[in-house]
Amino acid sequence: RPRDWSSDVCSSDLGVGPPGYQRLTLLRMDPSGFGLAALQRLDDVIARVIDGKLAPEGAIAELRAIRQRYSPWPWWVTLLAWSVGSGASARFLGGGGREVAAGAVVGLCSGGLALAARHHTTWERVLEPAAALTAAILAPLLGLAMGKLSILTVTVAGLVAFLPGLALTTAL
C-alpha cells in the first residue's frame, strides 16, 4: 500500500491505490474557519484510511463531522473566553479598569458574532468586518455610558482575537 499524502494549513492531498492507478484527491478546508483541532482530526482520518484501519465510508462520515466544526466547549465558555481575552488585552494595551470592562463587553459581542457565524459560510465571510463595525459603534457608546475611556484601546481589545498572532507580536 503506497502512501502519498501531504497536508498544509488549508488542504490535504491524498493519493489512493497502487502505483500507476492512484487516484489523487484534494481535501480543501476554508482558510477563514480552520482550527488546529480540525486539522489534527483530518490528518488522523487520512492516516487511518491509509493504514487500512478505516473504510472510505467511515472516513466520509468522519469528514462530515469535522466539517460541522464541533467545539468541545459549551457556547457560554466560548463567550466567556472571548470576553476575558478581550478584557485582558485592554489591560495589556495600557487600559485601566473602564477599558478592561468595556473591552470585555466588546469581546463578548465579537464572540457572539463568531459563534453565530460558525455554521454559516456566508456570514463567516463577513465576520471580521461585521465585528469591526460592531466594535467601532459599541466602544464610543460604552464611553458615553461609562465615562472617559480610550475608545481605541477598547476597540482593538474587542477585536484582538481576530488579529494574527505573529503580526500582533511583531508590531509591538
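What you see is a predicted model; the values in this text were computed from it and never measured.

Some details on the side chain of S89
- Within the secondary structure, S89 is located in helix 3 (residues 75–92).
- In terms of polar contacts, S89 uses its side chain to reach the backbone carbonyl oxygen of G85, at 2.8 Å.
- Residues in contact with S89, not counting those within four places in the same chain, are A157 and V160.

What to know about the confidence of the model for the protein chain
- Residue-level pLDDT values for the protein chain average 81, and 76% of them are 70 or greater.
- Considering only residues more than four positions removed or in separate chains, one finds that residues 1–9, a stretch of pLDDT under 50, has 26 contacts.

So, the packing of helix 6 (residues 127–146) against helix 7 (residues 151–159)
- Between helix 6 and helix 7, the shortest axis-to-axis distance is 9 Å and the interhelical angle comes to 145°. Taken as a pair, helix 6 and helix 7 cross one another with a handedness that is right-handed. Of helix 7, the residues touching helix 6 (which contributes A131, A132, A135, A136, A139 and P140) are I151, V154, T155 and L159.
- Looking at the contact of helix 6 with helix 7, its residues break down into nine nonpolar, one polar and no charged.

Re the nonpolar core
- The biggest cluster of nonpolar side chains holds ten residues, and these are A102, V106, A131, A135, L138, A139, L142, L149, V154 and L159.
- Looking at this core, the elements that each hand over two or more residues are helix 4 (97–117), helix 6 and helix 7.
- Core analysis: the next-biggest nonpolar cluster, separate from the first, contains eight residues, A38, L42, I50 and A59 among them.

Section: helix 7
- T153, V154, T155, A157, G158 and L159 are the residues of helix 7 that are buried.
- The secondary structure elements touched by the buried residues of helix 7 are helix 3, helix 4 and helix 6.

Overview of the packing of helix 3 against helix 4
- The N-to-C vectors of helix 3 and helix 4 enclose an angle of 140°; their axes lie 7 Å apart at closest approach. Accordingly, the angle class assigned to the pair helix 3 and helix 4 is oblique. The crossing of helix 3 and helix 4 is right-handed. Across the interface between the two elements, W75, T78, L79, W82, S83, S86, G87, A90 and R91 from helix 3 touch E99, V100, G103, A104, G107, L108, S110, G111, G112, A114 and L115 from helix 4.
- Here the contact of helix 3 with helix 4 is composed, by residue class, of nine nonpolar, nine polar and two charged.

Quick notes on the packing of aromatic side chains
- With the rule as written, the count across this model stands at one aromatic pair.
- Relative to F162, the ring of W82 has its centre 5.2 Å away and its plane inclined at 55°; by these criteria the two rings are tilted. You can see W82 sitting in helix 3 and its partner F162 sitting in the loop between helix 7 and helix 8 (165–171), a full 80 residues away along the chain.
- In this structure W82 comes out as buried when scored by relative accessible area, which is 17%.

Notes on the environment of E99
- Structurally, the position occupied by E99 is in helix 4.
- Using a relative accessible area of 12% as the deciding quantity, one classes E99 as buried.
- For the pair E99 and A139, spaced 40 residues apart in the sequence, the C-alpha separation amounts to 9.4 Å.
- The contact partners of E99, leaving out residues within four places of it in the chain, are A90, L149, S150, T153 and V154.
- A polar atom in the side chain of E99 sits 2.8 Å from the backbone nitrogen of G96.

Re a nonpolar patch on the surface
- Taken together, the side chains of W75, W76, L80 and V84 present a nonpolar region at the surface, about 500 Å² in accessible area.
- Topologically, V84 is positioned in helix 3.
- Take V84: its relative accessible area is 52%, and that puts it in the exposed class.

The rules behind each value
- Residues numbered from 1 in each chain as written.
- Predicted model: local features only at pLDDT ≥ 70, side-chain atom pairs only at ≥ 80, totals over all residues.
- Heavy atoms only, no water.
- Helix = DSSP H or I, 4+ residues; strand = E, 2+ residues; numbered from the N terminus.
- Polar contact = N/O pair within 3.5 Å; in protein donor to acceptor, adjacent residues only side chain to side chain.
- Contact = heavy atoms within 4.5 Å.
- pLDDT = per-residue confidence, 0-100.
- Axes fitted to C-alpha atoms, helices over the stretch in contact; angles between N-to-C directions.
- Left-handed = near helix turned anticlockwise from the far one by under 90°.
- Nonpolar A, V, L, I, M, F, W, Y, C, P; charged D, E, K, R; others polar.
- Core = buried A, V, L, I, M, F, W, Y, C linked by side-chain atoms within 4.5 Å.
- Buried < 20%, exposed > 50% of the residue type's maximum accessible area, 1.4 Å probe, protein only.
- Parallel < 35°, antiparallel > 145°, perpendicular 65-115°, else oblique.
- Phe/Tyr/Trp six-rings, centres within 6.5 Å; stacked < 30°, edge-to-face > 60°.
- Patch = residues over 30% accessible without salt bridge, like charges linked within 9 Å, V, L, I, M, F, W, Y side chains within 5 Å.
- Areas by Shrake-Rupley, 256 points an atom, 1.4 Å probe, with all protein chains shown as cover.
- Salt bridge = Lys/Arg side-chain N within 4 Å of Asp/Glu carboxyl O.

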